[in-house]
Amino acid sequence: AFSDAELVELDDPSRRWAADRLQAVHTELTRSVPARRVDGNLLIATWAMRALGSKPATLPESRYYMAAIISAFDLVTLQEIDEDLSEMNRLLEILGPDWNYLVSDISEGALGNKERYAIVYYEPRVQFERVSGEVVLQSTELIDGEQFARKPLIASFRAGELRFRVCTAHLVYGESGARAARTAKEADALARHLVRRVARRDPTSIVLSGNLNVRRKDSEVVTALRTVGIDLPDELLIPNLSRPGSNYCAGAIGFVSPKGELRLGSSEPNRGVFDFTRVLFRPEHLSHYRDAGLFRPAKGRPDDERAFIRWALENMSDHLPLWAELAT
């Protein structure tokens, strides 16, 4: 719960409105995500943040919504973090002193888009084991002679007696043609690297999570990951673009766990997509943001629900958080 003092950066009308929306987010999270249990579960999630930090937040209350959603989980991998970390740091300030994070350097090049990865974790439940780095392919593993467009981030963690690594990636986007082929090749190269690492160097299990652009359950990306040995449960291939009517699976969670240490938990549900649009930026909220002078459609565009949703998603993300409960 947030107090009025914590929402002090918002003016009075917005503070009351945001507090009510945060209560709605809390209620929806409680309904759809399991509670933390000391007797054995770990809540993980992945969320592409739509260039977080590329520009100052035009709607400051959205930071609190992001923090409220992240706080429902123990460890969250984030993609599309901008070179400028000021918004990321502000998000951590709102989450509070029990939260910590590690962040990658920027990805250079046209396809890299100067993006960063981040892994945010709740320290009372998850401890970072001080080992992290980029996934760098050997010469025999290269993708058409190249490294990943955005080198994945991998780091070691511990939760109770469970030691595991987390690898977060943002594979090249492509729905058809050469770009789609590149996505599948990156998926294949990443899967081979992770499986080989577990088999030859260190048997510690790996959680693979991120914006893998799997598209659909029968895509070449899914085939590439599974063929090599990534456990990619059907239950976690859930559409998670927040565009209305979209069936696109961008975020995905999979496992490399030869000893079966990583498995879904016993709660019902034990995985899902948190659809914040159920309680935030509803069509009936349009008038509030318009009357407050916050929502102003582009010149020549109608003041309608589609324009409002498009504006709202620019303040949050056009992706929904994908989450899973792990048994520990």
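Use the structure listed above.
These remarks concern the structure in this document. (Residues numbered from 1 in each chain as written. Predicted model: local features only at pLDDT ≥ 70, side-chain atom pairs only at ≥ 80, totals over all residues. Heavy atoms only, no water.)

Right, let's get into the packing of helix α1 (residues 12-32) against helix α2 (residues 61-70). In the contact formed by α1 and α2, the axes pass within 10 Å of each other and the chain directions differ by 20°. Between α1 and α2, the interaxial angle falls into the category roughly parallel. Two packed elements cross with a definite hand, and for α1 against α2 that hand is right-handed. For the pair formed by α1 and α2, the contact residues are Trp-17, Ala-18, Arg-21, Leu-22, Val-25 and Leu-29 on the first element and Glu-61, Tyr-64, Tyr-65, Ala-68 and Ile-69 on the second. For the contact of α1 with α2, the per-class residue count stands at nine nonpolar, no polar and two charged. (Axes fitted to C-alpha atoms, helices over the stretch in contact; angles between N-to-C directions. Helix = DSSP H or I, 4+ residues; strand = E, 2+ residues; numbered from the N terminus. Parallel < 35°, antiparallel > 145°, perpendicular 65-115°, else oblique. Left-handed = near helix turned anticlockwise from the far one by under 90°. Contact = heavy atoms within 4.5 Å. Nonpolar A, V, L, I, M, F, W, Y, C, P; charged D, E, K, R; others polar.)

This paragraph deals with the state of the cysteines. By the definition in use, this model includes zero disulfides. The structure places no disulfide on Cys-167, whose sulfur is separated from the nearest cysteine sulfur, that of Cys-249, by 19 Å. Accessibility expressed as a relative area gives 0% for Cys-167, which makes it buried. Residue classification places Cys-249 among the buried residues on the basis of a relative accessible area of 4%. (Disulfide = S-S within 2.5 Å. Buried < 20%, exposed > 50% of the residue type's maximum accessible area, 1.4 Å probe, protein only.)

This part is about the pattern of salt bridges. Taken as a whole, this structure holds 24 salt bridges when the rule is applied. In this structure, the salt-bridge partner of Arg-36 is Asp-74, at a minimum N-O distance of 2.6 Å. Of the two residues, Arg-36 sits in the loop between α1 and β1 (41-52) while Asp-74 sits in the loop between α2 and β2 (75-81), which places them 38 residues apart along the sequence. Overall, Arg-36 belongs to the partly exposed group, its relative accessible area being 30%. Note on Asp-74: relative accessible area 0%, which makes it buried. Here Asp-144 and Lys-185 are joined by a salt bridge, their closest N and O atoms 3.0 Å apart. Taken as a pair, Asp-144 in the loop between β5 (127-134) and β6 (153-159) and Lys-185 in helix α4 (residues 177-200) lie far apart in primary sequence, 41 residues in all. (Salt bridge = Lys/Arg side-chain N within 4 Å of Asp/Glu carboxyl O.)

This brings us to the side chain of Arg-15. For Arg-15, the position within the fold is in helix α1. Among residues more than four places away in sequence, those in contact with Arg-15 are Asp-4, Leu-7, Val-8 and Leu-10.

The grouping of Glu-83, Asp-84, Asp-105, Glu-108 and Glu-134 at the surface amounts to a negative patch. Residue Asp-84 is classed as partly exposed on the basis of its relative accessible area of 39%. (Patch = residues over 30% accessible without salt bridge, like charges linked within 9 Å, V, L, I, M, F, W, Y side chains within 5 Å. Areas by Shrake-Rupley, 256 points an atom, 1.4 Å probe, with all protein chains shown as cover. Lys, Arg positive; Asp, Glu negative; His and termini not counted. Charge placed at Lys NZ, Arg CZ, Asp CG, Glu CD.)

On to unusual backbone geometry. The peptide bond linking Glu-268 to Pro-269 adopts the cis configuration, its omega dihedral lying at 5°. By secondary structure assignment, the location of Pro-269 is in the loop between β9 (249-256) and β10 (271-273). The backbone of Asn-213 shows a phi angle near 50°, a positive value even though the residue is not glycine. Considering the arrangement of structural elements, one finds Asn-213 in strand β8 (residues 206-215).

According to the stated counting rule, one finds 17 aromatic pairs in the structure shown. Centroid distance Trp-17 to Tyr-289: 5.8 Å. Interplanar angle 85°. Geometry classified as edge-to-face. Of this pair, Trp-17 sits in helix α1 while Tyr-289 sits in helix α6 (residues 286-291), placing them 272 residues apart in sequence. When sorted by exposure, Trp-17 lands in the same class as Tyr-289, which is buried. Through a chain of ring-to-ring contacts, the aromatic side chains of Trp-17, Tyr-65, Phe-281, Tyr-289, Phe-295, Phe-308 and Trp-311 assemble into a single cluster. One residue, Arg-21, lies across the ring of Trp-17, its end atom 4.1 Å from the ring centre. The aromatic ring of Tyr-122 is capped on one face by Arg-36, whose charged end is 4.3 Å from the ring centroid. (Phe/Tyr/Trp six-rings, centres within 6.5 Å; stacked < 30°, edge-to-face > 60°. Lys NZ or Arg CZ within 6 Å of the ring centre and 35° of its normal.)

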